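# Structural characterization, general
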Amino acid sequence: MYLDAHVHLHEDPSMKNEIPIIIAVSDDLESSKKTLEIADNPCVGIHPWQVEEASEEDLKELERLLEEASCIGEVGLDHRYVKDKEKQLKFFEKFLTWSKEYDLPLNIHALDAWREVFELLLKYDVKRAYFHWYNGPLDLIEEIVGQGYFIGINAALRIQKKHAKVLERTPLKAILTESDGPYRYRGLNLRPKEIPWLVRKIAEVKGTSEENVVEEVYKNSVRWLGKLPKRNLNGAFS
Ligand SMILES: [Zn+2]
């Protein structure tokens, strides 16, 4: 069963019918509510790009949604595009605290903040975390894997040379497959339907079968989520 561990399903709910297992992330309070309604495996949170516009009140309301959520995300730090570093750190520290308090895994955005985020995970004693679309330092991969955290291999592998190096360095036992859909990226149309191609590519690089990759990714998702991911039982999966 193909699995996409990072989808902005609220932006296009029809993506649900592209593959059987989707873990859906949110961007803010409003999309968190929508994600809870439409997703089989919903993550709630405030994206680093949305933190500037979010309020303390949003956080309070978001906390009340955690009970229904499978994970917290998309949350993290972004040192490339976000100006207000203080506020995004304050919000991320809240999510780190919740991860422990509510025993929920994290679906993390850490653009140009890879090591800082890794160290915060250790500081806050986070047990289950996933670095979505990992493009950080190659020598940090071993430490991330050593902690039992997970690395997102994105379908942008089609064109990103750095990401190919990440895939080479990351053992299968730490990989989750993802699209970050719906996202137009340098001519690519990233959506869950890219996952079968991605699995084929990972199998090629790791010298194993596609079936084995699908099975390992599924097992990884169980360890990350702390439970079996739900599959969409109504999908056509053309
Ligand atoms: Zn995303």
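Along each chain, numbering runs from 1 in the same order as the chain's sequence is written. With the structure being a predicted model, the display of local features is reserved for residues of pLDDT at least 70 and the display and counting of side-chain atom pairs for 80 or more, all residues being used for whole-chain, interface and lining totals. In computing side-chain values, all of the structure's heavy atoms are included and hydrogens and water are not.

An ideal rise of 1.5 Å per residue puts 24 Å on 17 residues; helix H3 (residues 85-101) measures up with 24 Å between its terminal C-alpha atoms. Residues of H3 that are buried include every one of Gln88, Phe91, Phe92, Phe95, Leu96, Trp98 and Ser99, and no others. Relative to the axis of H3, the buried residues are bounded by an arc of 160° and lie together on one face. For H3, exposure combined with an orientation more than 90 degrees from the buried face picks out Glu86, Lys90 and Glu101. Here a residue-residue contact requires only that any non-hydrogen atoms of the pair lie within 4.5 Å. Put simply, DSSP marks the helices as runs of H or I at least four residues long and the strands as runs of E at least two long, and each gets a number from the N terminus on. In this structure, the buried side of H3 is in contact with helix H2 (56-63), strand E4 (71-76), strand E5 (106-109) and helix H4 (114-123). Once H3 ends, the next one or two residues include aspartate 103, with phi positive near 50°. To estimate the expected span of a helix, count its residues, drop one, and scale the result by 1.5 Å. When a residue's accessible area, from a 1.4 Å probe over protein chains only, is under 20% of the maximum for its type it is buried; when over 50% it is exposed; and in between it is partly exposed. The arc under discussion is defined with respect to the helix axis, by the directions toward the C-beta atoms.

We now examine helix H8 (residues 210-225). Taking 1.5 Å of rise per residue, 16 residues should cover 22 Å, and H8 covers 22 Å from first to last C-alpha, within 8% of that figure. Where H8 is concerned, the buried positions are Val213, Val214, Glu216, Val217, Asn220, Ser221, Trp224 and Leu225. Buried residues of H8, seen end-on, are gathered within an arc of 170° and therefore sit on one face of the element.

The next subject is the side chain of histidine 163. Along the chain, histidine 163 falls in helix H6 (residues 161-169). Once residues within four sequence positions are removed from consideration, histidine 163 is found in contact with Trp133, Tyr134, Asn135, Gly152, Ile153, Asn154 and Leu157.

Glancing now at the coordination of the zinc ion. Sodium, potassium and calcium take a 3.2 Å donor cutoff, other metals 2.8 Å, and in both cases only N, O and S atoms count; water is not among them, so sites may look incomplete. On the protein side, the zinc ion has His6 (NE2), His8 (NE2), Glu74 (OE) and Asp180 (OD) as donor atoms, found 2.2 Å from it. Mapped onto the polypeptide sequence, the residues donating to the zinc ion form the spacing pattern H-x1-H-x65-E-x105-D. Placement of the pair is glutamate 74 in strand E4 and aspartate 180 in the loop between strand E8 (175-178) and strand E9 (183-185), with a sequence separation of 106 residues. Considered together, glutamate 74 and aspartate 180 belong to a single accessibility category, that of buried residues.

Turning to the state of the cysteines, a few remarks are in order. Here, the word disulfide means a covalent bond between the sulfur atoms of two cysteines. The disulfide definition used here is simple: a pair of cysteine sulfur atoms within 2.5 Å. One pass over the structure, following the stated rule, counts one disulfide. Each sulfur of the disulfide joining cysteine 43 and cysteine 71 lies 2.0 Å from the other. Taking the sign of the S-S torsion, about 90° here, the bridge from cysteine 43 to cysteine 71 comes out right-handed. Residue cysteine 43 is found in strand E3 (residues 41-44), and its partner cysteine 71 is found in strand E4; the two are separated by 28 residues along the sequence.

Put simply, a patch holds well-exposed residues, over 30% relative accessible area, that have no salt bridge, with like charges counted together within 9 Å and Val, Leu, Ile, Met, Phe, Trp or Tyr side chains within 5 Å. For the accessible areas, the method is Shrake-Rupley and the probe is 1.4 Å, while residue cover comes only from the protein chains on display. Note on definitions: salt bridges are taken to be side-chain nitrogens of Lys or Arg within 4 Å of carboxyl oxygens of Asp or Glu. None of His or the chain ends enter the tally, which takes Lys and Arg as positive and Asp and Glu as negative. By convention, the charge on Lys lies at NZ, on Arg at CZ, on Asp at CG and on Glu at CD. Residues Lys161, Lys162, Lys165 and Arg186 make up a contiguous surface patch of positive charge. Along the chain, lysine 165 turns up in helix H6. On the basis of relative accessible area, lysine 165 is assigned to the partly exposed category, the value being 47%.

Moving on, we get to the pairing of E4. Burial within E4 is extensive, with six of its six residues counted as buried. Strand pairing is defined by DSSP finding a minimum of two bridges between the two strands. As judged from the four bridges shared by E4 and E5, these two strands associate in the parallel manner. Residue isoleucine 72 lies in a different strand from E5, and its bridge partner there is leucine 106. By convention a crossover is right-handed if, when the strands point away from the viewer, the path from the first strand over the helix to the second runs clockwise. Tracing the backbone out of E4, into H3 and back to the parallel element E5 gives a crossover that is right-handed.

Another point: unusual backbone geometry. In this structure, glutamate 74 follows glycine 73 across a cis peptide bond, with omega equal to 10°. In this structure, proline 182 follows glycine 181 across a cis peptide bond, with omega equal to -5°. Of note in this structure, aspartate 125 is not a glycine but carries a positive phi near 55°. Looking at the secondary structure, you find aspartate 125 in the loop between H4 and strand E6 (129-131). Of note, arginine 186 is a non-glycine position whose phi angle comes to about 40°, a positive value. With respect to the helices and strands, the residue arginine 186 is situated in the loop between E9 and strand E10 (188-190).

Side chains Leu106 and Ile108 of E5 all project onto a buried face; the interleaved residues Asn107 and His109 project onto the opposite face, where all are buried too. Where the polypeptide runs from E5 across H4 and back to E6, its parallel neighbour, the crossover connection is right-handed.

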